[in-house]
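# Structure assessment
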Amino acid sequence: MRHIVTAPTCGSCGVLPAVLKYMQEKNHFSDSDILRALAVAGLIGNVVRTNASISGAECGCQAEVGTACSMEAAALAELFEMGIDQIEYAAEVAMEHHLGLTCDPVCGLVQIPCIERNAVAAMRAINALSLANFLYASRKGSFDVVVETMYQTGKDISHLYRETAEGGLAKLYNQ
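Now for a description of the structure that goes with this document. (Residues numbered from 1 in each chain as written. Predicted model: local features only at pLDDT ≥ 70, side-chain atom pairs only at ≥ 80, totals over all residues. Heavy atoms only, no water.)

## Examining the environment of N27
With respect to the helices and strands, the residue N27 is situated in helix α1 (residues 11–27). Among the residues examined, N27 registers a relative accessible area of 30% and is labelled partly exposed. Separated by 53 residues in sequence, N27 and F80 place their C-alpha atoms 9.9 Å apart. (Helix = DSSP H or I, 4+ residues; strand = E, 2+ residues; numbered from the N terminus. Buried < 20%, exposed > 50% of the residue type's maximum accessible area, 1.4 Å probe, protein only.)

## Concerning the nonpolar core
Counting residues in each nonpolar core, the largest one holds 46 residues, and the members touching the most others are L20, M23, V48, L76, L79, F143 and M150. When contributions to this core are tallied by element, the ones reaching two or more residues are α1, α2 (31–51), α4 (61–79), α5 (84–96), α6 (114–135) and α7 (143–156). For this core, the element with the highest residue contribution is α4, accounting for 12 residues. In this structure, F143 is in contact with I44, V47, V48, S70, E88, A91, E92 and M95, ignoring residues within four places of it in sequence. (Core = buried A, V, L, I, M, F, W, Y, C linked by side-chain atoms within 4.5 Å. Contact = heavy atoms within 4.5 Å.)

## With respect to the packing of α5 against α6
Closest axis-to-axis distance for the α5/α6 pair is 8 Å, and the angle between their directions is 130°. Comparing their axes, α6 and α5 come out oblique. Handedness of the crossing formed by α5 with α6: right-handed. Counted together, Q86, Y89, A90, V93 and A94 of α5 and A128, L131, A132, N133 and L135 of α6 form the full contact between these two elements. (Axes fitted to C-alpha atoms, helices over the stretch in contact; angles between N-to-C directions. Parallel < 35°, antiparallel > 145°, perpendicular 65-115°, else oblique. Left-handed = near helix turned anticlockwise from the far one by under 90°.)

## Digging into a nonpolar patch on the surface
The grouping of L131, F134 and L135 at the surface amounts to a nonpolar patch, some 300 Å² of accessible area in total. Within the secondary structure, L131 sits in helix α6. Owing to a relative accessible area of 33%, L131 belongs among the partly exposed residues under this scheme. (Patch = residues over 30% accessible without salt bridge, like charges linked within 9 Å, V, L, I, M, F, W, Y side chains within 5 Å. Areas by Shrake-Rupley, 256 points an atom, 1.4 Å probe, with all protein chains shown as cover. Salt bridge = Lys/Arg side-chain N within 4 Å of Asp/Glu carboxyl O.)

## Overview of the pattern of salt bridges
A side chain with one charge may pair with a side chain of the opposite charge, provided their charged atoms come close. Counted by the stated rule, this structure contains 7 salt bridges. Here K21 makes a salt bridge to E25, at a shortest N to O gap of 2.7 Å. With a gap of 4 residues between them, K21 and E25 both fall in helix α1, about one helical turn apart. Owing to a relative accessible area of 48%, K21 belongs among the partly exposed residues under this scheme. The partner of E58 in a salt bridge is K155, with the nearest N and O atoms 2.9 Å apart. Placement of E58 in helix α3 (residues 56–59) and of K155 in helix α7 is noted, with a sequence separation of 97 residues between them. On the basis of relative accessible area, E58 is assigned to the partly exposed category, the value being 26%. Here the salt bridges do not stand alone but share partners, grouping D33, R36 and E78 into one network.

In structure tokens form, the structure reads like this:
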């Protein structure tokens with residue numbers, strides 16, 4: 001029997017607001033700063049949606065949580081007033097380190113491993129911000145290439161690992 005996840009598992013539902021709230025409280029960013037960061041995050045999400053996929057069912061968790069992490073990293077770079085090259089690099093690094101991530105929800109629910117993946121992605125977005133601050137001048141790739149790679153990788157991932165709850169942790173986890 002095939003179990004299709006119907007609850008929203010989109011990483012941006014958890015990653016984006018959590019990290020922006022944390023940064024706003026820690027660094028006293030204004031609401032207008034947060035709105036500007038959200039606009040940048042939205043642009044990054046639309047680039048992925050237009051040129052690849054944000055669907056775990058189509059491309060695995062890399063498409064959902066990887067995109068959310070990229071959106072968050074870009075939003076953080078905007079909050080810290082980085083340049084466009086650094087914003088793009090933050091988004092690139094964030095997505096790059098999610099490539100190949102499967103979508104294998106245990107029992108077709110978002111509790112395992114989805115919630116933990118969102119928490120890890122939140123920290124990864126903060127790390128991508130740091131990397132963008134220090135390493136953007138030495139970068140070799142681009143966000144567009146990473147998005148294309150994610151899409152191709154997602155298409156290559158077996159359907160068992162694309163939000164069907166038939167492979168990976170979903171299959172092997174002792175319930």
